[in-house]
Amino acid sequence: MKISVLIPMYNESAIVADTFRTLAGAMRDYAALSGNEYEIIFSDDGSTDGSADIVRRVITEEKVENVRVIGYADNRGKGSAVREAVLASTGDIVIYTDCDLAYGTDVIGRLVDAFQPETDIVVGSRRLDKDGYAEYTFLRRIASGAYVALLRLLTGFKLSDSQCGCKAMRGETGRSIFAACETDGFAFDQEFLMRAERRGCVIAEMPVRVVNHRASSVHLVRDAFRMIRDVLKIKKTVAKTEQ
């Protein structure tokens, strides 16, 4: 079995070399223990700080195999970076996580192991781990809970965590769904999951916790309204296109 690990990035020059080395080492160890093959794809969302060049340089200098960089010149949003990476992937299981490796590297093996024969998608959930929101500010916890509650009201969302940046999918399923997705912004997860539900995919949740904390790039008020607007648009689009 082959595992694809996808890292969307935008202006991550301060951390991307360390992320590269940490993830590449973890995947080498995981492959040796599990017998699975792997690939790592860094998907550059129009960075202006040379993030992609840093990854390419480390690949060359350290002669690392199974790692590549894709991307485009203009900044479109995390959803676009993830979508392009999923479509470029070749793995039987495809996983995406954040460039800061917020959930660590052990989560990769746990996500793979969480797949049962009937499972199509595994979603990380901070709400299922008692320490999942440790070190989050009170405001961020309240905002996250309110957003999930609103999603349930507007769309019938059934999962416990909507914005966890750690998800896994069977390769063929993920590539098929993301080929139809259009959302470039933070609400891209919702389009992916809505389309998956409409197609009858079996979605499982797995407890995760944040182990590497850094300041969020999400503006709670501005981006919350933008995501709600996008979700309402997505709901209409998915209803029309996923018959």
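Residues numbered from 1 in each chain as written. Predicted model: local features only at pLDDT ≥ 70, side-chain atom pairs only at ≥ 80, totals over all residues. Heavy atoms only, no water.

A.B. asks: Account for the packing of aromatic side chains, with residues named and values stated.
C.D. replies: Under the counting rule described, the total for this entry stands at three aromatic pairs. Each ring, one from Phe20 and one from Phe42, has its centre 5.9 Å from the other, and the planes form 10 degrees; the classification is stacked. Here the residue Phe20 occupies a position in helix H1 (residues 16-34), and Phe42 occupies one in strand E2 (residues 37-45), the gap between them amounting to 22 residues. Assessed through its relative accessible area of 2%, Phe20 is described here as buried. For Phe42, a relative accessible area of 1% translates into the label buried. Centre to centre, the rings of Tyr96 and Phe188 are 5.8 Å apart; their planes meet at 45 degrees, and the pair counts as tilted. Of this pair, Tyr96 sits in strand E4 (residues 93-96) while Phe188 sits in helix H7 (residues 188-198); the two residues are 92 residues apart in sequence, bridging distant segments of the chain. Residue class for Phe188 comes out buried when judged on its relative accessible area of 3%. Lying over the aromatic face of Tyr72, Arg76 brings its terminal NZ or CZ to 3.8 Å of the ring centre. (Phe/Tyr/Trp six-rings, centres within 6.5 Å; stacked < 30°, edge-to-face > 60°. Helix = DSSP H or I, 4+ residues; strand = E, 2+ residues; numbered from the N terminus. Buried < 20%, exposed > 50% of the residue type's maximum accessible area, 1.4 Å probe, protein only. Lys NZ or Arg CZ within 6 Å of the ring centre and 35° of its normal.)

A.B. asks: Hey, could you go over the packing of helix H6 (residues 171-180) against H7 for me, with residue numbers and the actual values?
C.D. replies: Where H6 meets H7, the axes come as close as 10 Å, and the angle between the chain directions of the two elements is 115 degrees. Between H6 and H7 lies a crossing of right-handed hand. Contact residues: H6 offers Ile177, Phe178 and Ala180, while H7 offers Phe188, Glu191, Phe192, Arg195 and Ala196. When grouped by side-chain class, the residues that make up the contact of H6 with H7 number six nonpolar, no polar and two charged. (Axes fitted to C-alpha atoms, helices over the stretch in contact; angles between N-to-C directions. Left-handed = near helix turned anticlockwise from the far one by under 90°. Contact = heavy atoms within 4.5 Å. Nonpolar A, V, L, I, M, F, W, Y, C, P; charged D, E, K, R; others polar.)

A.B. asks: Hey, could you go over the pattern of salt bridges for me, with residue numbers and the actual values?
C.D. replies: Scanning all chains against the criterion turns up 14 salt bridges. Arg76 serves as the salt-bridge partner of Asp74, at 3.2 Å between the closest nitrogen and oxygen. Given the relative accessible area of 41%, Asp74 is considered partly exposed. In this structure, Arg126 engages Asp161 in a salt bridge whose closest nitrogen and oxygen atoms are separated by 2.8 Å. Here the residue Arg126 occupies a position in the loop between strand E5 (121-125) and helix H5 (138-155), and Asp161 occupies one in the loop between H5 and strand E6 (167-170), the gap between them amounting to 35 residues. Accessibility assignment for this pair places Arg126 and Asp161 in one class, buried. Within this structure, Glu191, Arg195, Arg199 and Glu242 form a network of salt bridges that share partners. (Salt bridge = Lys/Arg side-chain N within 4 Å of Asp/Glu carboxyl O.)

A.B. asks: An account of the packing of H1 against helix H2 (residues 51-62) is needed here, citing residue identities and associated values.
C.D. replies: At a closest axis distance of 9 Å, the pairing of H1 and H2 adopts a crossing angle of 45 degrees. Viewed along their axes, H1 and H2 adopt a mutual orientation that is oblique. Seen along the crossing, H1 lies across H2 with a hand that is right-handed. Of H2, the residues touching H1 (which contributes Val16, Ala17, Phe20 and Arg21) are Ser51, Ile54, Val55, Val58, Ile59 and Glu62. The residue inventory of the contact of H1 with H2, partitioned by class, reads seven nonpolar, one polar and two charged. (Parallel < 35°, antiparallel > 145°, perpendicular 65-115°, else oblique.)

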